[in-house]
Amino acid sequence: MIYLILFWEFFKVGLFAVGGGLATIPFLYNLSEKFNWFSVSELTNMIAVSESTPGPLGVNMATYAGIQTHGFLGGVTATFGLVLPSLFVIIVISRFLNKFKENQIIKSIFYGLRPAVAVMICIFLVALLSVVLKETQGIYHIIISIILFLCYLGLVFRFKWHPIFFIILGAFMGILLE
């Protein structure tokens, strides 16, 4: 039964997370509250790990949650559930690409979806920030975390460096400041 639940829950994530890996975050956050497969803290750690490893965030998180829940087979089941909707969509799109490409209804759907996806990501970012601040112990660490956040944000907008740079910089600053 757990395999069916894993498959179904991650199938829904894969089906409705329009917009790629970041769009899966609100769904994964919801799963962390609905099931005991992983905590919000583990989700934030997995986001950091997923951003520094190959593979999409959703796939990494589905595999992690499945393995945590029911071992290797659970990981395979959850991952398969997540990628199956995309597989179907890609097959359909590849068969009718030119028809979809210029279809005004499809363009309109994506026009409306983009802001909805942006809002879902923003909601999770607020939740993520609250987790970061809650797990940060002491006012000194909270202030340092906020300063680092603002510095990273400024660097991202100013220099447009590769994300790997910020991951390495964040890890280095964590070691240096801890």
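Thresholds applied
- Residues numbered from 1 in each chain as written.
- Predicted model: local features only at pLDDT ≥ 70, side-chain atom pairs only at ≥ 80, totals over all residues.
- Heavy atoms only, no water.
- Helix = DSSP H or I, 4+ residues; strand = E, 2+ residues; numbered from the N terminus.
- Buried < 20%, exposed > 50% of the residue type's maximum accessible area, 1.4 Å probe, protein only.
- Contact = heavy atoms within 4.5 Å.
- Lys, Arg positive; Asp, Glu negative; His and termini not counted.
- Charge placed at Lys NZ, Arg CZ, Asp CG, Glu CD.
- Axes fitted to C-alpha atoms, helices over the stretch in contact; angles between N-to-C directions.
- Parallel < 35°, antiparallel > 145°, perpendicular 65-115°, else oblique.
- Left-handed = near helix turned anticlockwise from the far one by under 90°.
- Phe/Tyr/Trp six-rings, centres within 6.5 Å; stacked < 30°, edge-to-face > 60°.
- Patch = residues over 30% accessible without salt bridge, like charges linked within 9 Å, V, L, I, M, F, W, Y side chains within 5 Å.
- Areas by Shrake-Rupley, 256 points an atom, 1.4 Å probe, with all protein chains shown as cover.
- Salt bridge = Lys/Arg side-chain N within 4 Å of Asp/Glu carboxyl O.
- Domains from an automatic or database assignment.
- 1 Å grid on protein atoms, 1.4 Å probe; cavity = no way out; pocket = protein on both sides within 12 Å on 5 of 7 lines; lining within 4 Å.
- Points joined across faces, edges and corners; volume = space filled by probe spheres on them.
- Nonpolar A, V, L, I, M, F, W, Y, C, P; charged D, E, K, R; others polar.

### A word on the overall build of the chain
Each helix and strand in the chain was counted, giving 8 helices and 0 strands. Tracing the chain from N to C terminus, the helices and strands come up as α-α-α-α-α-α-α-α. Overall, the C-alpha framework of the chain stretches about 55 × 40 × 25 Å when taken along its three principal axes. Evaluated residue by residue, the chain yields a buried proportion of 28% over its 178 residues. In the chain, 55% of the contacts between residues at least 6 apart in sequence involve partners at least 24 apart. Measuring between centres, the 10 positive side-chain charges of the chain sit 17 Å from its 7 negative side-chain charges.

### Here we look at the packing of helix α7 (residues 139–159) against helix α8 (residues 163–177)
One can describe the packing of α7 onto α8 by two numbers: an axis separation of 12 Å at closest approach and a directional angle of 155°. Looking at the two axes, α7 sits roughly antiparallel to α8. Relative to α8, α7 is oriented so that their crossing is right-handed. Between α7, through I144, L148, Y152, L155 and V156, and α8, the contact on the second element is made entirely by F166, L169, G170, M173 and L177.

### Points about the packing of aromatic side chains
For the coordinates displayed, the defined rule picks out 9 aromatic pairs. For the pair F10 and W37, a centre-to-centre distance of 6.0 Å together with 20° between the ring planes defines the contact as stacked. In this pair, F10 is assigned in helix α1 (residues 2–16) and W37 in the loop between α2 (21–34) and α3 (40–51), connecting sequence segments 27 residues apart. The burial state of F10 is the same as that of W37; both residues are buried.

### What about a nonpolar patch on the surface?
On the surface, a nonpolar cluster with roughly 560 Å² of combined accessible area is contributed by I146, F149, L150, L153, V156 and F157. Relative to the elements of secondary structure, L153 occurs in helix α7.

### Concerning the packing of α2 against helix α4 (residues 57–95)
The interhelical angle for the contact between α2 and α4, taken along N-to-C directions, is 40°, at an axis separation of 8 Å. From α2, G21, T24, I25 and L28 reach across to α4, where they touch L57, G58 and M61.

### Observations concerning the pattern of salt bridges
One pass over the full model with this rule turns up 2 salt bridges. Here K12 ties to E9 by a salt bridge, and the two come within 3.3 Å at their closest N and O atoms. Of this pair, K12 and E9 are both found in helix α1, 3 residues apart, which corresponds to roughly one turn of the helix. Between E9 and K34 there is a salt bridge whose closest N-O contact spans 3.4 Å. Separated by 25 residues along the polypeptide, E9 in helix α1 and K34 in helix α2 bring together distant segments of the chain.

### Quick notes on the domain arrangement of the chain
For the chain, the domain assignment lists domain 1 (2–99), domain 2 (102–135) and domain 3 (136–178). Relative placement of domain 1 and domain 3: their C-alpha centres are 27 Å apart.

### Regarding the layout of surface pockets
Empty space within the largest pocket amounts to approximately 1,900 Å³. For the largest pocket, the lining is made up of 39 residues, of which A48, L128, V132, F149 and Y152 are closest to its centre. Of all elements in the fold, only α2, α3, α6 (104–135), α7 and α8 reach the threshold of two or more residues within the lining of the largest pocket. By residue number, the principal contributor to the lining of the largest pocket is α6, which donates 11 residues. A per-class count over the lining of the largest pocket returns 28 nonpolar, 8 polar and 3 charged.

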